[in-house]
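Inside the fold
Each chain is listed here by its residues.
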Amino acid sequence: MLTIYNTLSKTKEVFKPLDGNKVRMYVCGMTVYDYCHLGHGRSMVAFDLVTRWLRKSGYELTYVRNITDIDDKIINRANENGESFDALTARMIDAMHEDERRLNILKPDLEPRATDHIAGMHAMIQTLIDKGYAYAPGNGDVYYRVGKFVGYGKLSRKKIEDLRIGARIEVDEAKQDPLDFVLWKGVKPGEPYWDSPWGPGRPGWHIECSVMSTCCLGESFDIHGGGSDLEFPHHENEIAQSEAATGKQYANAWMHCGMIRINGEKMSKSLNNFFTIRDVLDKYHPEVVRYLLVASHYRSAINYSEDSLRDAKGALERFYHALRGLPRVAAKGGEEFVERFSVAMNDDFGTPEACAVLFDLVREINRLRETDLEAAAGLAGRLRELGDVLGVLQLEADDFLRAGAEGKVDAAEVEALIQARLQARADKNWAESDRIRDQLTAMGVVLEDSKGGTTWRLAD
């Protein structure tokens, strides 16, 4: 029985899809004005994990993750670069997809772009105006009337009267209340624009997600996700817009993943303390980075450091050493590990406990490989099967353990020296065997002897 922590109720709830076995999930995606940083990677990997477990559990999932391809940051960056906004976003979308591929992130079923849903935004905005939840002051802008929506603040637990303290209206705004937010922005010189019933302009950020989610998944759907930094005001405003427009509950459950932190501060471009995904992947194997992101519970913050990445690398090396030398066969045995893993994942996607199960499974594989290679291979298949839920352990063991060897050692030379050492051992020429091992050690090569033969990897 799957339970999910619902940010709306602030409790774990038994997950019950709205429509039988079908699950509809929407996750706020990237604003594509720059390369994705590791904080974005956290959100993408977290909901990739949710996707994998829901499908592993037998649900028919439709996963939608949007792309924000028009907003202030995009316009400003395009102007700085001297390029059109759509040329910039096309380039950044390609880069994002490449980052996802390297991190073994499954593609969402639908990836709507804001600029493809302008007509739908016009329709929802007009509905809100007709119902009295929005107003057009005549300057080309349209604003949402926050004070009219009775449930405002129910997601973030913020009170309107507290929010009004210190709030103010900018001189170029025509708001009736400082808490009102923009649905449609009148055009400014040099900006891209679309024609609308209120004059040329472009959408506000919040209306984009309300329209894309309901267009793809319907007026009510099962799960809405995103980073915890989006809880307020973005997701709060999405609820206000959507439920005022449709009269129905917007999302049944809200999931928010924790942030990446550097020295206790949220990783963000505004604080200039971020590392892009590709920066990190230049130094660390993609699977190491992914394991760092899945080993912590999705709701917890992750403190980024070189030590944490080294720990992730060490954990994966332990897993791959257990797989090394064993044939790839179908998973067999280890049902108790599957049960424990499932219990962990069904408890709000409890990956720390699930990873602990994998370590216990490794210990059993290592014990059996000394006495029963067939049973060990079956459990190795089970380890890969469970690892796939986390998006790891699908590589050949040697490929992972020797990653980075290219350019550092000549693999053919290493293999030749290993064969010479094996011959020396067969001839009981222990001095020559030791000499070759010392030569390989000096090259930075670590040998590992077992019943299955001798394998090698680079020293850390």
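Going by an unreviewed UniProt entry, the protein carries the name Cysteine--tRNA ligase and comes from Pseudomonas taiwanensis. In its Subcellular location (unreviewed entry) section, UniProt records this for the protein: "Cytoplasm". Here is the UniProt Subunit (unreviewed entry) comment for the protein, exactly as written: "Monomer."

Side note on the overall build of the protein
When helices and strands are tallied, the protein shows 16 helices and 15 strands. Oriented by its inertia axes, the alpha-carbon framework of the protein measures out at about 95 × 50 × 35 Å. Residues classed as buried in the protein amount to 52% of the 460 residues present. Counted over contacts in the protein with a minimum sequence separation of 6, partners at least 24 positions apart contribute 74%. A total accessible area of about 20400 Å² is found for the protein, and carbon and sulfur atoms account for 49% of it.

A short note on the UniProt feature "domain: Cysteinyl-tRNA synthetase class Ia DALR" (unreviewed entry) in the protein
Mapped onto this numbering, the UniProt entry annotates "domain: Cysteinyl-tRNA synthetase class Ia DALR" (unreviewed entry) at residues 340–401. The annotated region residues 340–401 carries 77% helix and 0% strand content, and the separation between its end C-alpha atoms amounts to 28 Å.

Some remarks on the environment of Ala322
Turning to its location among the elements, Ala322 is positioned in helix α10 (residues 306–323). Judged by its relative accessible area of 1%, Ala322 falls in the buried class. A sequence separation of 98 residues divides Ala322 from Ala420, and the C-alpha atoms of the two residues are 26 Å apart.

Observations regarding unusual backbone geometry
Pro233 follows Phe232 through a cis peptide bond whose omega is 5 degrees. Mapped onto the fold, Pro233 is located in helix α7 (residues 231–246). Although it is not a glycine, Asp348 sits at a positive phi angle of roughly 55 degrees. As for its position among the elements, Asp348 is in the loop between α11 (335–346) and α12 (351–368).

Some thoughts on α7
Between its terminal C-alpha atoms α7 stretches 21 Å, which fits the 22 Å expected from 16 residues at 1.5 Å a residue. Across the 16 residues of α7, 14 count as buried, placing the element largely inside the fold. Positive phi shows up at Gly247, right after α7, with a value of about 75 degrees.

Describing the packing of α10 against helix α13 (residues 373–390)
Across the interface, α10 lies against α13 with an axial gap of 9 Å and an inter-helix angle of 145 degrees. Two secondary-structure elements touch here, α10 through Phe319, Tyr320 and Leu323 and α13 through Ala380, Leu383 and Arg384. When grouped by side-chain class, the residues that make up the contact of α10 with α13 number 5 nonpolar, no polar and 1 charged.

Here's the deal with the pairing of strand β9 (residues 221–227)
Burial analysis of β9 places 7 of its 7 residues in the buried class, the great majority of the element. As judged from the 6 bridges shared by β9 and strand β10 (residues 251–257), these two strands associate in the parallel manner. Each residue of the ladder has a partner; that of Ile223, found in β10, is Ala253.

Section: the packing of aromatic side chains
Under the counting rule described, the total for this entry stands at 16 aromatic pairs. Geometrically, the ring pair formed by Trp53 and Phe341 is edge-to-face, given 6.0 Å between the ring centres and 65 degrees between the ring planes. Of this pair, Trp53 sits in helix α1 (residues 38–56) while Phe341 sits in helix α11, placing them 288 residues apart in sequence. Summarising the burial analysis for this pair, Trp53 and Phe341 share the class buried.

Here's the deal with the sheet that holds strand β12 (residues 265–266)
The mixed open sheet is built from 3 strands, whose spatial order is β12-β11-β13. Whereas interior strands pair on both sides, the edge strands pair on one side only; in this sheet they are β12 and β13 (302–303). With 2 bridges joining them, strand β11 (residues 260–262) and β12 adopt antiparallel strand pairing. In the sheet register, Arg261 faces β12, and the bridge partner there is Lys266.

The rules behind the values
- Residues numbered from 1 in each chain as written.
- Predicted model: local features only at pLDDT ≥ 70, side-chain atom pairs only at ≥ 80, totals over all residues.
- Heavy atoms only, no water.
- UniProt positions renumbered as here; feature names shortened; annotations may be inferred.
- Helix = DSSP H or I, 4+ residues; strand = E, 2+ residues; numbered from the N terminus.
- Buried < 20%, exposed > 50% of the residue type's maximum accessible area, 1.4 Å probe, protein only.
- Contact = heavy atoms within 4.5 Å.
- Areas by Shrake-Rupley, 256 points an atom, 1.4 Å probe, with all protein chains shown as cover.
- Expected span 1.5 Å × (residues − 1).
- Axes fitted to C-alpha atoms, helices over the stretch in contact; angles between N-to-C directions.
- Nonpolar A, V, L, I, M, F, W, Y, C, P; charged D, E, K, R; others polar.
- Pairing = 2+ DSSP bridges.
- Phe/Tyr/Trp six-rings, centres within 6.5 Å; stacked < 30°, edge-to-face > 60°.

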